[in-house]
Amino acid sequence: MNILLLGITGQVGFELHRTLSPLGTITAPGRDELNLLNEQAVTNYLAVKKPDLIVNGAAWTAVDAAEVHQSEAWRLNAGLPEQLAAYTKANNARLVHYSSDYVYPGTGETPWQETNPTGPVSHYGKTKLNGDRAIEKSGADYLIFRSSWVYSARGNNFMKTMLRLAESKTELNIVADQIGAPTPARLIAQITTLAIHSKLETGLYHLAPEGETSWHGFAKEIFGLAGKNTKTYPIPTSDYPTPAKRPLNSRVDMSKLKNALNVELPHWQSQLALTLREYLET
Ligand SMILES: NC(=O)c1ccc[n+]([C@@H]2O[C@H](COP(=O)([O-])OP(=O)(O)OC[C@H]3O[C@@H](n4cnc5c(N)ncnc54)[C@H](OP(=O)(O)O)[C@@H]3O)[C@@H](O)[C@H]2O)c1
């Protein structure tokens, strides 16, 4: 199989490069080789490489900066998926794409199901939703994995920010009323690979570990496992204003994925222990 992997330098893309390798020959251009903001360059690249499978780990993921750089975020998160889906449909290929729980309005306390009404509260969420809709409408063979709170041993993420802050701070105030499940990029890559290999039926699937916590709970667990003495104090979102609004309820229900793939998903705490150990050992 001829696989085109986008976003190789990202958290999910890095892990995909490893897990996908038994499935085929991977072409993975970085930004220098293919700037995804350039629609014509993407068209030309697809025409030359002719992939059978596109795995799109690329995105505009800076949620606050998306409020300012609206057109770039729109191109990466909505225009690019639409373009990839059009190629996929026209060439009988398959597209794997990633989405975010930020497409939901964040109300209530019940985990979101794939069939629930969306209602993003940020520009980032709107761009991701439009990307998903474009793929769904395209008639292409696709898998969309909608995830939450992605982190890994590499890249910019909450786990690494907390460990960096612990070097200089003895106390930290951390938001405790946003609830979700921190999702390691490696788990996303592993499930993606299983899904492709087992020819998972086209559609949208939630993908996160079991269990739930707040950013405060996540930080406490990070510091506990890493042996840091930094004290943490829970605060409401209203005490930590950001340019982009965040949903309070980031819980996603993974029943559809678990049933379709016949897999169990690990708990977020065991996944954090693995990811943290990897980070501390490298
Ligand atoms: N991060 C989260 O908390 C989170 C939560 C839920 C869902 N997701 C979704 O999961 C997917 C993967 O996220 P991630 O955290 O792995 O993302 P990430 O670490 O921010 O990586 C994004 C990737 O996209 C590439 N990229 C961005 N603009 C580009 C451009 N103009 N040309 C070429 N490449 C470009 C980046 O390349 P450079 O290194 O050159 O910038 C990088 O490889 C995304 O669809 C995201 O929306 C993420």
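Anything mentioned here points back to the structure above.
Residues numbered from 1 in each chain as written. Predicted model: local features only at pLDDT ≥ 70, side-chain atom pairs only at ≥ 80, totals over all residues. Heavy atoms only, no water.

### A look at the packing of aromatic side chains
Point 1. Using the criterion set out here, one finds ten aromatic pairs in the structure.
Point 2. With centroids separated by 5.1 Å and ring planes inclined at 10 degrees, the aromatic side chains of Tyr104 and Trp112 adopt a geometry described as stacked. Per residue, the accessibility class of Tyr104 equals that of Trp112, and both read buried.
Point 3. Measuring from ring centre to ring centre gives 6.3 Å for Phe145 and Tyr205, while their planes differ by 35 degrees; the resulting arrangement is tilted. Taken together, the residues Phe145 in strand E5 (residues 141-147) and Tyr205 in strand E10 (residues 203-206) connect sequence positions 60 residues apart. Each member of the pair Phe145 and Tyr205 is classed as buried.
Point 4. Here a set of aromatic residues connected by ring pairs shows up, and it is made of Trp149, Tyr151, Phe158, Trp215, Phe218 and Trp268.
Point 5. Of note, Arg18 hangs over the ring of Phe14, and the distance from its end group to the ring centre comes to 3.9 Å.
Point 6. Seen from the ring of Tyr205, Lys256 lies directly overhead, with NZ or CZ sitting 4.6 Å from the centre. (Phe/Tyr/Trp six-rings, centres within 6.5 Å; stacked < 30°, edge-to-face > 60°. Buried < 20%, exposed > 50% of the residue type's maximum accessible area, 1.4 Å probe, protein only. Helix = DSSP H or I, 4+ residues; strand = E, 2+ residues; numbered from the N terminus. Lys NZ or Arg CZ within 6 Å of the ring centre and 35° of its normal.)

### Points about the pattern of salt bridges
Point 1. The tally for this structure, following the rule as stated, stands at ten salt bridges.
Point 2. For Arg186, the salt bridge goes to Glu278, with nearest N and O atoms at 3.0 Å. Separated by 92 residues along the polypeptide, Arg186 in helix H6 (residues 185-197) and Glu278 in helix H9 (residues 268-281) bring together distant segments of the chain.
Point 3. Taking the shortest distance from any N to any O, the salt bridge between Arg251 and Glu212 comes out at 3.0 Å. Of this pair, Arg251 sits in the loop between strand E12 (231-235) and helix H8 (255-261) while Glu212 sits in the loop between E10 and strand E11 (213-214), and the two are 39 residues apart along the sequence.
Point 4. Using a relative accessible area of 11% as the deciding quantity, one classes Arg251 as buried.
Point 5. Its relative accessible area of 45% is what places Glu212 among the partly exposed residues. (Salt bridge = Lys/Arg side-chain N within 4 Å of Asp/Glu carboxyl O.)

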